[in-house]
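Given next are the chains, with one letter for each unit.
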Amino acid sequence: MFLLITRKLCWTFCPPCLRQLTCIQADDDLKSMFVGTVMRKIKSRTWKKQRYFRLQEDCMTIWYKSKKAGNTHSTSVREGHQSEVLLSIADEFPPDRCFTLVFRGRRGNLDLVAESAGEAQSWIKGIRKLIDNLENMGQREKLDQWICDWFKKADKNRDGQMNFKEVQDLLKMMNVDMNEHHALRLFTTADKSQSGTLEDDEFVLFYKMLTQREDVLRVFQEYSGDGQKLTLQDLKDFLREEQLREDGVQQYALKLTERYEPSDTARMLQVMTFDGFLMYLTSPEGSIFNPTMVELYQDMTQPLCHYFISSSHNTYLLEDQIRGHSSVEGYIRALKRGCRCVEVDCWDGPNEEPIVYHGHTFTSKIFFKDVVTVLGNYAFKVLFHFTPSLIHTHGHTLSPPQASQYPVILSIENHCSVEQQKVMAQHLTQILGDKLLKTPLHGKFPIGLPSPEDLKGKILLKGKKIGGLEDSMNGVVDDSLMGEKSKQSLSKELSDCVVYCKSVHFSSFKHSQIHSKFYEISSFTESKARKHIREAGAEFVLHNARQLSRVYPSGLRTDSSNFNPQDMWNAGCQIVALNFQTAGVEMDLNDGLFCQNGHCGYVLKPAFMRNIDERFDPENPQNGGYKPLSLSIQVISGQQLPKVNIKEGSIIDPLVRVEIHGVPLDQAKQETRYIDNNGFNPVWYDTLQFTIHVPELALVRFVVEDYDKTSKNDFVGQFTLPFTCIQPGYRHIHLLSKDGTSIPPSSLFVHVRITKLT
């Protein structure tokens, strides 16, 4: 969910919005926001203008006066000088009056300065409360809010009523192609007052008739003895036979009834009505994503090389690789998405201060010390956007999102002189303090890489090093500034900051097996990595069972596009660095893999990729413990799919494509047919069948597109998850936008079956 920031006054008096007025009356901070405040909007050192800001009655919208109109979605608020813009005016305004609203996607931040520290705190606390409330909104509240939003859009004259013409316009806005006679029949039925308009509860009734879920009713009646309710035994039968629930079925059925059944009488009788059944199926328990795998569930005590690590390439860039804007914001956004390996390209800067930018290009420049400061402030801070639909589960509320305490790797591309390398080392040591790992754990020479658990709260430097870890521990490193395998001179001070991630040139797998140390890491371009996978896939997997590998995009990707990370994960490569600023299928896969295990940025590799005695070849996975599975997905229906064409009267023709991403043998995709002119409640009942040969590595991506017979289909929404996190049975898939933002209440309804192939 999100907080809406808008530059134009909006009208908010429909029933759900009126109920939310109570949130203002009960909270002093929100009362103050509701009255409104004059604050300075800051764009640069020279652009500082006063604007009047005020919280609207819906507790979701902040209005401020401007000549321009538009809106955007805020996901977090930062206190103090926590943006480049506010840092630039730090000498003019104290940090206790400054705060920043951060947005998803490419939209820039909104930097504000209040007239007093008290006013700033009131807005900071108030906005955080609103965001928390929205993120923890229940399914029924989300639906109420969605209805409220449509009511406001349709009521053009803002009189709190809707005539039939406004209803017809509303249907087109909602992606519904309905003939006039049927629309008039629904309108007349809902118009209980016979006033010729719909008001308050009449509009809610109209919406309920419009959204009647015949697909879910069909399932409900199959298990209901009288077609009106599910007895406890009926619900248990459904959970066992369809949802394949095995343990504690009775207790689970009782919890579901208690949690989702809206009727007090039905709850007392331990039965579930259709409304309760629908609420359950649209809840996190009814999600395709297994809620037990949302939280941290994997063993975190294995060596670092046994994990896939969420990793960013050229993290400082917000745009392309040639003229793009460099910013510390790139690091904050990457960490917010769960990234645990970030990159800096360091060059000599003015006044002996190293700078970060994409060398020999026109990208802008930032100071290295500012990057280190941001890393120290945000490496272990709660920042990521936790998917609200996965928070509530099994009759209780999961712990709120915690900051990942697992290590962050700072990958340094070092182009600096020895003198400025010393400055880099000084900044790292002074700014990061104890967070920077400068010596092996426990002061002893290790025999292997430590685990993420061992390295909690630590920042590791990846870079070139003079000599080996053994030499530095024995104190035998001389004052030579020349590192092996490189013509570049190295500062001993910077070299000493590298412990477990010494960058070395890769010669061959045979050479590495004989000579490489566990603390050495090699980097590969995407093309070199693919070549090794084709020619020696099994050797690459074994290499990655012993030490770390990093794969990065080709230098030809000047537009900051990405390669397919799945190919590299198939070979066990841990640090697969992507351009986080570029939305698309590649980042969908990255988000899909790392949305499990507490979103901590580390995912344990399958056992056959960690065991050096096994020989797994991603190109020929049939060797070894081969256990293929059959995946059957019946795509039943879609709900409230968003419009992709703003042209008036345009309604989408949706189709669903299911993609399997995994080893080459598993790469597959199938589509449903498209449905003409119905993005509101399309129905397919199309079944798609797949064979999954290596389920431990497979990701499943659901994509909704608007079919176009004359041009490329338009993207509507998607959801990606690991195959191993799928829940079988009747499930809802809550769709995400192109940049990974949730778009409630848009969803798909599917039936999933996974069986063993004999």
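Residues numbered from 1 in each chain as written. Predicted model: local features only at pLDDT ≥ 70, side-chain atom pairs only at ≥ 80, totals over all residues. Heavy atoms only, no water.

As annotated in an unreviewed UniProt entry, the chain carries the name Phosphoinositide phospholipase C and comes from Cyprinus carpio.

Attention shifts here to the overall build of the chain. Within the chain, the secondary structure is distributed over 23 helices and 30 strands. Counting across all 758 residues of the chain, residues that qualify as buried make up 57%. Within the chain, contacts between residues at least 6 apart in sequence are counted, and of these 70% link residues at least 24 apart. (Helix = DSSP H or I, 4+ residues; strand = E, 2+ residues; numbered from the N terminus. Buried < 20%, exposed > 50% of the residue type's maximum accessible area, 1.4 Å probe, protein only. Contact = heavy atoms within 4.5 Å.)

With respect to the helices, strands and loops of the structure, Asp345 is situated in strand β11 (residues 341-347). This buried residue, Asp345, is left without a salt bridge; Arg550 holds the nearest opposite charge, at 7.0 Å. Of note is the side chain of Asp345, whose polar atom sits 2.8 Å from the side chain of Tyr316. (Lys, Arg positive; Asp, Glu negative; His and termini not counted. Salt bridge = Lys/Arg side-chain N within 4 Å of Asp/Glu carboxyl O. Polar contact = N/O pair within 3.5 Å; in protein donor to acceptor, adjacent residues only side chain to side chain.)

This part covers the packing of helix α6 (residues 164-173) against helix α7 (residues 180-190). It is the contact of α6 with α7, at a shortest axis distance of 11 Å, that shows an interaxial angle of 120°. The angle between the axes of α6 and α7 places the two elements in the oblique class. Once α6 is placed against α7, the crossing between them reads as right-handed. Between α6 and α7, the contacting residues are Phe164, Val167, Gln168 and Leu171 on the first element and Glu180, Ala183, Leu184 and Phe187 on the second. Looking at the contact of α6 with α7, its residues break down into six nonpolar, one polar and one charged. (Axes fitted to C-alpha atoms, helices over the stretch in contact; angles between N-to-C directions. Parallel < 35°, antiparallel > 145°, perpendicular 65-115°, else oblique. Left-handed = near helix turned anticlockwise from the far one by under 90°. Nonpolar A, V, L, I, M, F, W, Y, C, P; charged D, E, K, R; others polar.)

Time to look at the packing of aromatic side chains. According to the stated counting rule, one finds 23 aromatic pairs in the structure shown. An angle of 55° between the planes, with centres 6.4 Å apart, marks the rings of Phe308 and Trp569 as tilted. With Phe308 in strand β10 (residues 307-312) and Trp569 in helix α21 (residues 565-569), this pair connects stretches of sequence that are 261 residues apart. Across this residue pair, the class does not change: Phe308 and Trp569 are buried. Aromatic pair Trp569 and Phe594: ring centres 6.3 Å apart, planes at 80°, arrangement edge-to-face. In this pair, Trp569 sits in helix α21 while Phe594 sits in helix α22 (residues 585-594), placing the two residues 25 residues apart along the sequence. (Phe/Tyr/Trp six-rings, centres within 6.5 Å; stacked < 30°, edge-to-face > 60°.)

Moving on, we get to the packing of α7 against helix α8 (residues 201-210). Contact geometry of α7 with α8 gives a least axis separation of 8 Å together with a crossing angle of 140°. Our classification of the angle between α7 and α8 gives oblique. Here the hand of the crossing between α7 and α8 comes out right-handed. Two secondary-structure elements touch here, α7 through Leu186, Phe187, Thr189 and Ala190 and α8 through Glu202, Leu205, Phe206, Met209 and Leu210. Considering only residue class, the contact of α7 with α8 consists of seven nonpolar, one polar and one charged.

In this section: the pairing of strand β29 (residues 729-736). Successive side chains on a regular strand alternate, one facing one side of the sheet and the next facing the other. With eight of its eight residues buried, β29 lies for the most part within the structure. Bridge count between β29 and strand β30 (residues 742-756): seven bridges; the pairing is antiparallel. Paired with Arg731 across the bridge in β30 is Val750. Where β29 folds back onto β30 in an antiparallel hairpin, the turn is made up of five residues, including Gly740, whose phi is positive at roughly 90°. (Pairing = 2+ DSSP bridges.)

Here the focus is helix α4 (residues 117-135). Each α-helix turn comprises 3.6 residues. Residues three or four places apart therefore point the same way. Between its first and last C-alpha atoms α4 spans 27 Å; for 19 residues at 1.5 Å apiece the expected length is 27 Å, and the two agree. For α4, every residue scored as buried is listed here: Ala120, Ser122, Trp123, Ile124, Gly126, Ile127, Leu130, Ile131, Leu134 and Glu135. (Expected span 1.5 Å × (residues − 1).)

Buried within helix α2 (residues 28-35) are the following residues: Asp29, Leu30 and Met33. Taken down its axis, α2 places every buried residue within 95° of arc, on the same side. Along α2, the residues that are exposed and aim more than 90 degrees away from the buried face are Asp28 and Val35. Of the residues flanking the start of α2, the one acting as N-cap is Asp27, its side-chain oxygen 2.9 Å from the backbone nitrogen of Asp29. (Arc of directions from axis to C-beta.)

Here we come to the pairing of strand β17 (residues 459-463). Counted residue by residue, β17 has five buried out of five residues, so it is predominantly covered. Here β17 shows no split at all, with Ile459, Leu461 and Gly463 on one side and Leu460 and Lys462 on the other all buried. On the question of chirality, the crossover connecting strand β16 (residues 408-414) to the parallel β17 by way of helix α16 (residues 418-432) is right-handed. Both β17 and strand β18 (residues 498-503) contribute to a ladder of three bridges, which runs parallel. Residue pairing across strands places Gly463 opposite Lys502, the latter belonging to β18. (Right-handed = clockwise from strand over helix to strand, strands pointing away.)

A full pass over the atoms with the stated rule returns 30 salt bridges. Close ionic contact of Arg267 with Asp264 constitutes a salt bridge, the shortest N to O distance being 2.3 Å. Residue Arg267 and its partner Asp264 are located together in helix α12 (residues 264-268), separated by three residues, close to a single helical turn. We classify Asp264 as exposed; its relative accessible area is 55%. One continuous salt-bridge network, built from bridges that share partners, spans Asp588, Arg657, Glu659, Glu671, Arg701 and Glu705.

Attention now goes to the nonpolar core. Among the nonpolar cores identified, the biggest contains 65 residues, and Val344, Val356, Phe368, Leu410 and Leu428 are the most heavily contacted of them. Top element by residues in this core is helix α15 (residues 368-378). It accounts for six residues. Among the nonpolar cores identified, the runner-up in size contains 36 residues, and Met293, Val635, Ile652 and Val716 belong to it. (Core = buried A, V, L, I, M, F, W, Y, C linked by side-chain atoms within 4.5 Å.)

Next up on the list: the environment of Thr429. As for its position among the elements, Thr429 is in helix α16. Exposure remark for Thr429: the relative accessible area of 33% places this residue in the partly exposed category. When the C-alpha atoms of Thr429 and Val372 are compared, they prove to be 9.8 Å apart, with 57 residues separating the residues in sequence. Setting aside residues up to four positions removed in sequence, Thr429 forms contacts with Leu436, Lys438 and Cys497.

As a further point, take the side chain of Ser326. Along the chain, Ser326 turns up in the loop between β10 and α14 (329-336). Take Ser326: its relative accessible area is 1%, and that puts it in the buried class. Of note is the side chain of Ser326, whose polar atom sits 2.5 Å from the backbone oxygen of Ser364. With residues up to four places along the chain from it excluded, the contact list for Ser326 reads Glu84, Tyr316, Leu317, Val356, Tyr357, Thr363, Ser364, Lys365 and Ile366.

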